[in-house]
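Overview (structure and organization)
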Amino acid sequence: MPFPIATLCSLVLLAVGSAIEASAYQSLPSPLATRSALFRPLVPRGNAYTDVQQQSNRNRRSIVRSSAASDAIALTPNGERNNNVGKPQLNKLQSTLTKVGLLLFVVGMCLALPVALLPPFLAEKFGFINRLRREQYALRSGCFCSRWLMRLIPFANISVVPYLEDDPEPSVWACNHTSMLDIFVLLATDKKLRGKNRRPIKIVYWKGLEENPITKLLFTQCGMIPVEMADNGNGNANDYDKGSFKRLLKDMKAAFADGFDIGILPEGQLNPAPEKGLLPVFGGAFTLARMSRRRVRMMALHGVNNLWHPHESIGMAPSQRDVQVRAYPPCKPFESSEEFVTVFKKVVGHFGAVGDDLDDLEQWLDGTRWLEVQAKQAEIEKLEKDLTRGD
């Protein structure tokens, strides 16, 4: 079959599949739904992902592999990444082949998304569905295209550590940000990451991304929420347009009312060196969650920057293929912006750096470690006061 015809057939199949999946979309859960603490293990389906079963003991976590090429991340005793064991660097040929696969995926998304998003757009335009249904269908179509293109073009070995709920409550999700590919990895893995009963997420994004017609099409059709900020480069301080915050709050309130969750990237920009920890974290996720009376939840990414680096001098020069995605269970409700920032840096920052959880993860999630941090801060303040009096 000639290549153009094969490509056209593939796009048609993707569009039809996304339309079928979107049409099967069940009614969204009530925004007042309460959380269920039940876990359900994933069943491997023979795709390019790696499913990770949750167990009470992290060190005994079992990994079900669907690809013989997938390697578990290797950690040194002190928790740092050991690139020489388990996760070797790609050689020149492997890097080139991975880059070709990545480019094919990007081109495939550029071709498939307009085709997949056209039916809900036309259906709304001619009055068959309303705006809410169009956004729901568009988001499901975007997830479907990302998921299946990553299966058809397996340029990465993706491991998913899920947290599944039968009846999830409305939440504000906070995640680290390391690559332009992050959004597509999250779309592709969302079904396995949070389960079939998940609440759809509207992500808060930088409006400057709308300069790209494909990302603009995806974000606007899915009803995602833009925020204005200056294009001052990765690694520099964020310069937000405070005048856009009023619209941001209004859009968030409407999203919750429509049954969506909110996704926020607290670093505010791409992190060029996630192995060194997070960039300065803003407490906006806590503030927005408190104003909307919603819980803050955390998810984390690792390794995506090794495929598509945020620094322009590196860009698409894949050095590794392993990617980890993690959804965390609900933690103790945060009582302050400082608490959220501290816990997020420790939990998500560690996972983003090494691709694995902290040994004392449970203590950070249940608030024990934060109480210890507060106690140490109180001791330091008392010591400083005593020294001042002594002078």
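Shown above is the structure to which this text applies.
Residues numbered from 1 in each chain as written. Predicted model: local features only at pLDDT ≥ 70, side-chain atom pairs only at ≥ 80, totals over all residues. Heavy atoms only, no water.

Below, the discussion takes up the overall build of the protein chain. Helix and strand counts for the protein chain come out as ten helices and nine strands. The 391 residues of the protein chain split such that 49% are buried. Contacts spanning at least 24 positions in sequence make up 75% of the contacts within the protein chain whose residues lie at least 6 apart. (Helix = DSSP H or I, 4+ residues; strand = E, 2+ residues; numbered from the N terminus. Buried < 20%, exposed > 50% of the residue type's maximum accessible area, 1.4 Å probe, protein only. Contact = heavy atoms within 4.5 Å.)

Next up on the list: unusual backbone geometry. Of note, Arg 293 is a non-glycine position whose phi angle comes to about 55°, a positive value. Relative to the helices and strands, Arg 293 resides in the loop between α7 (284–292) and β8 (295–302).

The contact between helix α2 (residues 92–125) and helix α5 (residues 213–221) brings their axes to 10 Å, and the two run at 30°. Between α2 and α5, the interaxial angle falls into the category roughly parallel. Crossing angle aside, the handedness with which α2 passes α5 is left-handed. Residue-level inspection shows Met 109, Cys 110, Leu 113, Pro 114, Leu 117 and Phe 121 of α2 in contact with α5, the latter providing Ile 214, Leu 217, Leu 218 and Gln 221. Across the contact of α2 with α5, the residue classes tally to nine nonpolar, one polar and no charged. (Axes fitted to C-alpha atoms, helices over the stretch in contact; angles between N-to-C directions. Parallel < 35°, antiparallel > 145°, perpendicular 65-115°, else oblique. Left-handed = near helix turned anticlockwise from the far one by under 90°. Nonpolar A, V, L, I, M, F, W, Y, C, P; charged D, E, K, R; others polar.)

Moving on: empty space enclosed by the protein. Within the structure shown, the criterion is met by two cavities of 30 Å³ or more. Here the largest cavity is characterised by a volume of approximately 60 Å³. Here the lining of the largest cavity is built from residues that sort into three nonpolar, no polar and six charged. (1 Å grid on protein atoms, 1.4 Å probe; cavity = no way out; pocket = protein on both sides within 12 Å on 5 of 7 lines; lining within 4 Å. Points joined across faces, edges and corners; volume = space filled by probe spheres on them.)

What follows concerns the pairing of strand β3 (residues 157–161). Among the five residues of β3, five are classified as buried, and the element is accordingly described as predominantly covered. Of the two faces of β3, the one lined by Asn 157, Ser 159 and Val 161 and the one lined by Ile 158 and Val 160 are each fully buried. In this structure, β3 lies alongside strand β9 (residues 322–327), joined through five bridges in parallel fashion. Looking at the pairing, Val 161 lines up with Arg 326 of β9. (Pairing = 2+ DSSP bridges.)

On to a nonpolar patch on the surface, then. Residues Leu 118, Phe 121, Leu 122, Phe 126 and Phe 128 make up a contiguous nonpolar surface patch of about 550 Å² in total accessible area. Note on placement: Phe 126 falls in the loop between α2 and α3 (131–152). (Patch = residues over 30% accessible without salt bridge, like charges linked within 9 Å, V, L, I, M, F, W, Y side chains within 5 Å. Areas by Shrake-Rupley, 256 points an atom, 1.4 Å probe, with all protein chains shown as cover. Salt bridge = Lys/Arg side-chain N within 4 Å of Asp/Glu carboxyl O.)

With that settled, consider the packing of helix α6 (residues 245–257) against α7. Look at α6 against α7: their axes get within 11 Å of each other, and the N-to-C directions meet at 55°. Our classification of the angle between α6 and α7 gives oblique. Here α6 and α7 pass one another in a crossing that is right-handed. Here Leu 248, Leu 249, Met 252 and Phe 256 of α6 come into contact with α7, specifically with Leu 288, Met 291 and Ser 292. Its residues assigned to classes, the contact of α6 with α7 shows six nonpolar, one polar and no charged.

Let us now look at α5. All buried positions along α5 are accounted for by Ile 214, Thr 215, Leu 218, Phe 219 and Gln 221. Contacts made by the buried residues of α5 are with α2, α3, α4 (182–194) and β5 (201–206). Backbone nitrogen of Ile 214 and a side-chain oxygen of the N-cap are separated by 2.9 Å at the start of α5; the cap is Asn 212. Just downstream of α5, Gly 223 is the residue with a positive phi angle, here 75°. (Polar contact = N/O pair within 3.5 Å; in protein donor to acceptor, adjacent residues only side chain to side chain.)

Under the counting rule described, the total for this entry stands at six aromatic pairs. Judged by centre distance (5.5 Å) and plane angle (70°), the rings of Phe 334 and Phe 340 are edge-to-face. As far as burial versus exposure is concerned, Phe 334 and Phe 340 are alike and both buried. Ring geometry for Phe 340 versus Phe 344: centroids 5.5 Å apart, planes at 35°, classification tilted. Linking Phe 340 with Phe 344, this pair stays in helix α8 (residues 337–354), spanning four residues, or about one helical turn. In terms of burial, Phe 340 and Phe 344 fall into one category: buried. Grouping aromatic residues by their ring pairs yields a cluster made of Phe 105, Phe 155 and Phe 184. (Phe/Tyr/Trp six-rings, centres within 6.5 Å; stacked < 30°, edge-to-face > 60°.)

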